[in-house]
Amino acid sequence: MRGFLSAFVTASLLSTMLASHTIAQIDPVERRIVEYIDKNEKDALRLLETSVNIASPTEDIAGVRAVGDLYAKEFEAIGMRTKWLDLPAEMKRAGHLLAESTGTKGKRLLLLGHLDTVLSGEKYRLDGQTVHGTGVADMKGGNMVLIQALKALNSVGALRDTRLIVMFTGEEEDSADPIEVSRADMIAAAKRSDLALSFEGTVLNTATVGRRGASSWKLEVEANTGHSGQIFREGMGNGAIFEAARILNSFRENLGGERYLTFNPSLILGGTTVEVKDSDGSASGKTNVVPAKLVVNGDLRFISEEQKESARKRMREIVAKSLPGTKAKITFFDGLPAMTPREGNYELLRTLDKVSQDLGFGKVDALDPGDRGAGDVAFVSDIIPSLDGIGIGGGRNSHAKGESARIDTLPILTKRAAILIYRLTR
Ligand SMILES: [Zn+2]
C-alpha cells in the first residue's frame, strides 16, 4: 500500500543481496526449487504482464473478476481448488478469490494478496530492469511472486499434502462496509490457519512485522452566539472557534510525539453557520458575531488497538473540558485495524532471515512499522502470527501515475518466498 522508496534504494537492496552472495546453504530439494525459478523467469513476467494489462480498479467489478479468473487458472494448474467469494450486491464490489490445497502436513499457511488497484490505464511496459504499469508494485508483482513460489514447490512435488489457503481480496484499496461482512471470509480462513504471509511490496532488505491502523474522527463544537463585543463575558463565553483552537492545541500538546501515534485535523469550518458534507463544506460568519458552530474532520493512526483506545480516551477527556459558553463532542469512526508488531511476527521474520542468508541473499531486517500504512494483513494479525512486505521490490508511485517496480528483485524475492513456504510446510 504506501510509501515506497526511490530507485537508488533498489540498487543498494540488490547490491546488499548480491554482495553477500555466499554459497547457498540449502538442501537438494530447495536447490531444485531455486533452479525452477531461474528457469521460469520469462513465464513469471508473462503472468505479470497479462495481469497488469487487465485493468482492475476497485470499482471495476468485471476487471477485478477477470484478474481473479486469470490467477484461478494458475492455481488450478498446480492442483489447488479455487472458489470465487461473492460479496452482497449492494456493496458494489467484485468479491474475493480463494485457492486452497487440502493436505494434512506442516503448518497451515494463509497467503494474502489483492486483485484491485487504486488507479487504472497504464499498460505493462518494461524499460531495462524497471517495469511500469498500474498495479505492478501494488500488488500484481507480489501476487506473481506468490504464484511463482507455489509453482516452484509444485514442480518438485512439495505442494502435495500442504495446507495452504490463498486469499486474494477484490477491494483492498477501498474495502466495502460493513467490514465485518467484507472481511468475514478472510477472518474465517485465518481461524483455520497457523501463520499468515502477505505479499505487499518489499522495502529494501526488510519485511513488515507491523503496520499502523487508520481511523477517523469528527469534532463538533457549539457555543453561545451574539454580539462580538460580549465575547469572554459571563453568559456569552468564548465562542466555538476559540474552543476548537483550545481542543486541537491540547491534542497536539498532550498526544503529539507519542511513537506511532498520529492525528491529523484535515478539515475545519467554523462561524455562525456551518455546512459539512464528507470532506467538503462551507461556513459564514460576520466579524461582529460570536461564532456558534464549528466542525473538524481528522484521522487517527496507531500501532495497536490499545494505543487507539487510549488516544481516544485522552481526546474525549480534553474535549470534555469546555471553555465557558461552549460545548463540544467528538465521534470516532473505525477504519482499518493495525498490524501490531507481536513476537510471533518477529519469529516469522527470523525464519525468513535464515532462509535469505541460507540462500546467500543477506540479512532481512524489520521495517519500522511507522513506515507503513494500513493493510489487509491487519485483519488476521491479531489471530495468527503474520509477516507482510515480501512481494516485489523497488516499488514506486503506488496509488499514483507512473507506478513502477524492479524485475531484477523478482528471482531473489521469489526464491526467498518459495523456500520460506517450503520450510514452514515441512
Ligand atoms: Zn496493496
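Residues numbered from 1 in each chain as written. Predicted model: local features only at pLDDT ≥ 70, side-chain atom pairs only at ≥ 80, totals over all residues. Heavy atoms only, no water.

Novice: Please give an account of the side chain of Thr208 that cites residues and values.
Specialist: Relative to the helices and strands, Thr208 is located in the loop between β8 (206-207) and β9 (213-223). Of the polar contacts made by the side chain of Thr208, one reaches the side chain of Arg372; its length is 2.8 Å. What Thr208 contacts, discounting residues up to four positions off in sequence, is Met339, Leu367, Arg372, Leu387, Asp388 and Gly389. (Helix = DSSP H or I, 4+ residues; strand = E, 2+ residues; numbered from the N terminus. Polar contact = N/O pair within 3.5 Å; in protein donor to acceptor, adjacent residues only side chain to side chain. Contact = heavy atoms within 4.5 Å.)

Novice: With reference to specific residues and values, describe the packing of aromatic side chains.
Specialist: Both the distance between ring centres and the angle between the ring planes are used here to describe each pair of aromatic rings. According to the stated counting rule, one finds five aromatic pairs in the structure shown. Relative to Phe242, the ring of Phe232 has its centre 5.6 Å away and its plane inclined at 45 degrees; by these criteria the two rings are tilted. In this pair, Phe232 sits in the loop between β9 and α8 (239-255) while Phe242 sits in helix α8, placing the two residues 10 residues apart along the sequence. An aromatic cluster is present here, built from Tyr71, Phe75 and Phe168 joined pairwise through their rings. Taking the ring centre of Phe379 as reference, the NZ or CZ of Arg183 above it sits at 5.4 Å. (Phe/Tyr/Trp six-rings, centres within 6.5 Å; stacked < 30°, edge-to-face > 60°. Lys NZ or Arg CZ within 6 Å of the ring centre and 35° of its normal.)

Novice: So, the side chain of Asp376: which residues are in play, and what are the values?
Specialist: In this fold, Asp376 is placed in the loop between β15 (365-366) and β16 (386-387). Looking at Asp376, its side chain comes within polar contact range of the side chain of Arg183, at 2.9 Å. Dropping the residues within four chain positions of it, Asp376 is found in contact with Thr169, Glu172, Arg183 and Met186.

Novice: Run through the layout of surface pockets, naming residues and quoting values.
Specialist: When its volume is computed, the largest pocket comes out at roughly 650 Å³. If you go around the largest pocket, you meet 25 residues; those closest to its centre are Ser175, Ala214, Asp334, Gly335 and Leu336. When contributions to the lining of the largest pocket are tallied by element, the ones reaching two or more residues are α6 (179-182), β9, β13 (293-302), α9 (305-320) and β14 (326-336). Counting residues per element, the lining of the largest pocket draws most heavily on β14, at four residues. Residues of the lining of the largest pocket, tallied by class, amount to nine nonpolar, five polar and 11 charged. Taken domain by domain, the lining of the largest pocket gets at least three of its residues from each of domain 1 (11-211 + 339-424) and domain 2 (213-336). (1 Å grid on protein atoms, 1.4 Å probe; cavity = no way out; pocket = protein on both sides within 12 Å on 5 of 7 lines; lining within 4 Å. Points joined across faces, edges and corners; volume = space filled by probe spheres on them. Nonpolar A, V, L, I, M, F, W, Y, C, P; charged D, E, K, R; others polar. Domains from an automatic or database assignment.)

Novice: Run through the environment of Tyr260, naming residues and quoting values.
Specialist: Within the secondary structure, Tyr260 is located in the loop between α8 and β10 (262-271). The spatial distance from the C-alpha of Tyr260 to the C-alpha of Phe302 is 5.7 Å, given a sequence separation of 42 residues. Not counting residues within four places of it along the chain, the set of residues in contact with Tyr260 comprises Arg212, Arg301, Phe302, Ile303, Gln307, Asp368, Pro369 and Gly370. Within the structure, the side chain of Tyr260 is placed 3.0 Å from the side chain of Arg259, a separation counted as a polar contact.

Novice: Explain the coordination of the zinc ion to me, using residue names and the numbers behind them.
Specialist: In this structure, His114 (NE2), Asp138 (OD), Glu200 (OE) and Glu200 (OE) serve as the protein donors to the zinc ion, at separations of 1.9 to 2.5 Å. Read from N- to C-terminus, the donor residues coordinating the zinc ion fall into the pattern H-x23-D-x61-E. One end of the pair, His114, is in strand β3 (residues 108-114); the other, Glu200, is in the loop between β7 (195-198) and β8, and 86 residues separate them in sequence. The buried category is assigned to His114, whose relative accessible area is 1%. Since its relative accessible area comes to 3%, Glu200 is described here as buried. (Donors = N, O, S within 2.8 Å, 3.2 Å for Na, K, Ca; no water. Buried < 20%, exposed > 50% of the residue type's maximum accessible area, 1.4 Å probe, protein only.)

Novice: An account of the domain arrangement of the protein is needed here, citing residue identities and associated values.
Specialist: When its domains are assigned, the protein resolves into domain 1 (11-211 + 339-424) and domain 2 (213-336). Distance between the C-alpha centres of domain 1 and domain 2: 41 Å. Taken residue by residue, the interface counts 11 residues in domain 1 and eight residues in domain 2. In total, domain 1 and domain 2 occlude about 740 Å² of area from one another, counting both sides; carbon and sulfur atoms represent 63% of this. Taken together, the connections running from domain 1 to domain 2 amount to zero salt bridges. At the junction of domain 1 and domain 2, the tally comes to two residue pairs in polar contact (both at pLDDT 80 or more). Taken together, the residues of the side of domain 1 that touches domain 2 break down into six nonpolar, three polar and two charged. (Buried area = accessible area lost by both parts, 1.4 Å probe. Salt bridge = Lys/Arg side-chain N within 4 Å of Asp/Glu carboxyl O.)

Novice: Give me the pattern of salt bridges: which residues, what numbers.
Specialist: Taken as a whole and judged by the stated rule, the model has 30 salt bridges. As a salt-bridge pair, Arg93 and Asp174 come within 3.1 Å of each other at their nearest N and O atoms. One end of the pair, Arg93, is in the loop between β1 (81-85) and β2 (96-102); the other, Asp174, is in the loop between β6 (163-169) and α6, and 81 residues separate them in sequence. Look at Arg93 and you get buried, because its relative accessible area is 17%. Across the salt bridge formed by Lys354 and Asp358, the nearest N and O atoms sit 2.6 Å from each other. Here Lys354 and its partner Asp358 are both found in helix α10 (residues 343-358), four residues apart, which amounts to about one turn of the helix. Asp358 sits in the buried class, given a relative accessible area of 9%. Connected through salt bridges with shared partners, the residues Glu305, Lys308, Glu309, Arg312 and Asp334 form a single ionic network.

Novice: If you had to explain the sheet that holds strand β5 (residues 130-132) to someone new, which residues and values would you point to?
Specialist: Two orientations exist for strands paired in a sheet by backbone hydrogen bonds: parallel and antiparallel. With antiparallel pairing, four strands are arranged side by side in an open sheet as β4-β5-β18-β17. Whereas interior strands pair on both sides, the edge strands pair on one side only; in this sheet they are β4 (125-127) and β17 (393-396). This sheet shows a mean twist of 20 degrees between the axes of neighbouring strands, independent of strand direction. Both β4 and β5 contribute to a ladder of three bridges, which runs antiparallel. Note that in β5 the partner of Leu126 across the bridge is Val131. (Pairing = 2+ DSSP bridges. Axes fitted to C-alpha atoms, helices over the stretch in contact; angles between N-to-C directions.)

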